[in-house]
Amino acid sequence: MNYKRLSKKDKQHLWHPFTQQREWEMDKDITIITRGKGTYLYDSKGRKYLDGVSSLWCNVHGHQVPEIDRAIQKQLQKIAHSTMLGASNEPAILLAEKLVQLAPKGLTRVFYSDSGSEANEIAAKMAFQYWKQVKPARPKKNLFLTVREGYHGDTIGSVSLGGIELFHAIFGGMLFKTLKVKSPHDYPSRRVSNDQWLKDSVKEAEALFRKYGSRLAAVHMEPLIEGAGGMLAHPWGYLKAIRRLCDRYGVLLILDEVATGFGRTGTMFACEQEGVRPDLLCVAKNLTGGYLPVAATLATEKVYRAFLGTFGSLRTFYHGHTFTGNQLGCAAALANLGLMEKRGFLEGVEEKSLMLQEFLEPLVAHPHVADVRLRGMMGGIELVKNKKTNEPYPYEKKMGYRVCAEAKKRGVLMRPLGNVIVLMPPLGISKKDLAFLIEVVSKSIEAATS
Ligand SMILES: *Cc1c(COP(=O)(O)O)cnc(C)c1O
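Residues numbered from 1 in each chain as written. Predicted model: local features only at pLDDT ≥ 70, side-chain atom pairs only at ≥ 80, totals over all residues. Heavy atoms only, no water.

What is the right way to read the site of the ligand from this model?
In the neighbourhood of the ligand, 13 residues make up the surrounding shell, with G116, S117, H152, D256 and K285 lying closest. Here a nitrogen atom of the ligand sits 3.4 Å away from a polar atom, N or O, in the main chain of Y151. Contact distances for the ligand include 2.6 Å between a nitrogen atom and a side-chain N or O atom of D256. When the ligand sits alone it has 380 Å² of accessible area, and the protein chains cover 83% of it. Looking at the shell around the ligand element by element, the count peaks at three residues for helix α6 (residues 116-133). Considering only residue class, the shell around the ligand consists of four nonpolar, six polar and three charged. (Near = heavy atom within 4 Å. Polar contact = N/O pair within 3.5 Å; in protein donor to acceptor, adjacent residues only side chain to side chain. Areas by Shrake-Rupley, 256 points an atom, 1.4 Å probe, with all protein chains shown as cover. Helix = DSSP H or I, 4+ residues; strand = E, 2+ residues; numbered from the N terminus. Nonpolar A, V, L, I, M, F, W, Y, C, P; charged D, E, K, R; others polar.)

Structure below.
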């Protein structure tokens, strides 16, 4: 169908996520993607764009990857989907084995779902039920300690666990209460030294553990960097310090690696960089290489065992989604992880991370760039109106969107987080394309802010 008719139908019938629909309806040049190849997307007007945010942080090796395409086609000749409730299937079994092999030691059980939000809700429900059933039971351990500016998804439970003020302002009345520790990003000492920054960041967490430790079911957080909150990096040593507190007070650690997992920060999982093993681990986004919606919550044997009992004991984990363990999705994930395990993949990510660092950090000198924050191939460039007074661009000025509009003109599709320009290229991007992305980002910032 031609662009004009599609565009009209879109505006008549669709409601896009995180989108002010009035502006969308007025936009005369909405992008309608028709195909993708490698790290490029093509639209119905025949334009070509670099996929600058990995189709929202999930694409790994690009589009139309022969190995993943083949795996899905092969699976399609057998079956697309059957239920995991009361039955099992080969791709789901083999993927579970693979995930346990790749994950930090101790995580031995895989519970599937379809999105990062669900993987997080499942982890929280598991932790909550765990303390009711562990021997001896500790039913008073029912509080969650979370980090401000954290993001764990958009369903009610995952928003409750998150710490983004805007969402809490709107949906506050629907959410359950959690304890919140200040985001490390909010300590000015982050500009002084890692030691001082770490000390300042851990202090409040220690106080909260002292006061509420016996009531805490779990700490629920993103490791190393808070993504959707604005690419807010944590000091080195923070995750390890939180793990130690969890151990001292008998609290479970739930890590949300939906964004950071599968190589994004340079290691298979971000928590490896701090030598930390969580009790529950949430993964999604990169898992299928950006092909299909599969998510998983991994648990330790210790957590799993608290759910064992007779049928009548009511210790079952009463949770499950229709498309859990979907064969096509699991087949795609297996092919994606197979490519990741090939020699040189993580090394390539490391090299490209260094390249990002080398070319982006000089941007700090720009009069409207407040900060460049990177962890591996995941980063943000924060723009400010006035660098001296730290005055931000007002929300309604849409500075982030303006930069992305400039990038679109130059052949790159991106999506900002407020005044933060997000850098999340597909992990498998070539160095040439990465150089192009960096160049377009710099030029677009210049064009939008001058
Ligand atoms: C994207 C994201 C989620 C939510 O995942 P969905 O698949 O969009 O529900 C959760 N946690 C983190 C850290 C994320 O980046």
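Can you help me understand the sheet that holds strand β6 (residues 179-181) in this one?
By definition, the strands of a sheet pair up through backbone hydrogen bonds, in either a parallel or an antiparallel sense. The sheet built from seven strands is open, its strands ordered β4-β12-β11-β10-β7-β5-β6 with mixed pairing. Every interior strand has two partners, whereas the edge strands, β4 (107-113) and β6, have only one. When the angles between neighbouring strand axes are averaged without regard to direction, this sheet yields 20°. Two strands pair when backbone bridges link them, and strand β10 (residues 252-256) and strand β11 (residues 280-283) are joined in this way by three bridges, in the parallel orientation. Paired with I254 across the two strands is L280, which belongs to β11. Packing of helix α9 (residues 194-212) onto the sheet brings it into contact with β5 (143-147), β6 and β7 (216-221), and relative to β6 it is tilted by some 155°. (Pairing = 2+ DSSP bridges. Axes fitted to C-alpha atoms, helices over the stretch in contact; angles between N-to-C directions. Contact = heavy atoms within 4.5 Å.)

Would you explain the pairing of β10 in this entry?
Remark: a regular strand shows side chains that alternate across the two faces of the sheet. Summarising burial for β10: five of the five residues are buried, a large majority. Residues L252, I254 and D256 of β10 are buried on one face, and the alternating residues L253 and L255, pointing to the opposite face, are buried as well. In terms of strand pairing, β7 meets β10 through four bridges, oriented parallel. In the strand pairing of β10, V219 is matched with L253. (Buried < 20%, exposed > 50% of the residue type's maximum accessible area, 1.4 Å probe, protein only.)

Whenever I open this one, helix α4 (residues 66-76) confuses me. Can you help?
Side chains of residues three or four places apart in an α-helix project in the same direction, reflecting 3.6 residues per turn. Taken together, the buried positions of α4 are occupied by I68, I72 and Q75. Here the buried residues of α4 occupy an arc of 65° about the axis, which is enough to place them on one side. Every exposed residue of α4 that faces more than 90 degrees away from the buried side is listed here: R70 and K74. Against the buried residues of α4 lie α5 (90-102) and α12 (327-341). (Arc of directions from axis to C-beta.)

Before we go on, may I ask you to explain the domain arrangement of the protein chain in this structure?
Many authors give the size of an interface as the accessible area that is lost as the parts come together. The domain architecture assigned to the protein chain consists of domain 1 (31-64 + 344-449) and domain 2 (69-340). A straight line from the C-alpha centre of domain 1 to that of domain 2 covers 26 Å. Surface buried jointly by domain 1 and domain 2 totals about 2500 Å² across both partners, of which 60% is contributed by carbon and sulfur atoms. Linking domain 1 to domain 2 there are one salt bridge. One salt bridge connects D371 with R190, and the closest N-O pair in it is separated by 2.6 Å. Every element with two or more residues in the side of domain 1 that touches domain 2 is listed here: α3 (54-57), α13 (345-360), β13 (369-375), β14 (378-383) and β16 (420-423). Residues belonging to the side of domain 1 that touches domain 2 are distributed by class as follows: 17 nonpolar, nine polar and four charged. (Domains from an automatic or database assignment. Buried area = accessible area lost by both parts, 1.4 Å probe. Salt bridge = Lys/Arg side-chain N within 4 Å of Asp/Glu carboxyl O.)

Teacher, can you tell me more about a positive patch on the surface here?
A cluster of basic residues, R210, K240, R244 and R248, forms a positive patch on the protein surface. Sorting elements by how many residues they give to the positive patch places helix α10 (residues 238-249) first, with three residues. Within the secondary structure, K240 is located in helix α10. (Patch = residues over 30% accessible without salt bridge, like charges linked within 9 Å, V, L, I, M, F, W, Y side chains within 5 Å. Lys, Arg positive; Asp, Glu negative; His and termini not counted. Charge placed at Lys NZ, Arg CZ, Asp CG, Glu CD.)

Explanation requested: the layout of surface pockets in the structure shown.
Space left empty within the atom packing is revealed by a probe, the size of a water molecule, rolled over the atoms. Reported here for the second largest pocket is a volume of approximately 710 Å³. Along the walls of the second largest pocket sit 24 residues, with V110, F111, Y112, Y304 and F317 positioned nearest its centre. For the lining of the second largest pocket, the secondary-structure elements that each account for two or more residues are α5, β4, β12 (295-300) and α11 (301-305). Looking at the lining of the second largest pocket, the element that brings in the most residues is β4, giving five residues. For the lining of the second largest pocket, a count of residues per class yields 16 nonpolar, seven polar and one charged. (1 Å grid on protein atoms, 1.4 Å probe; cavity = no way out; pocket = protein on both sides within 12 Å on 5 of 7 lines; lining within 4 Å. Points joined across faces, edges and corners; volume = space filled by probe spheres on them.)

Got a minute to help me understand the pattern of salt bridges in this structure?
A side chain with one charge can pair with a side chain of the opposite charge if their charged atoms come near. Following the criterion strictly, the structure yields 17 salt bridges and no others. Here R47 makes a salt bridge to D43, at a shortest N to O gap of 2.9 Å. A relative accessible area of 26% means that R47 is categorised as partly exposed. Overall, the relative accessible area of 4% leaves D43 in the buried class. Note that K431 and E351 form a salt bridge whose closest N and O atoms lie 2.5 Å from each other. Taken together, the residues K431 in helix α15 (residues 431-449) and E351 in helix α13 connect sequence positions 80 residues apart.

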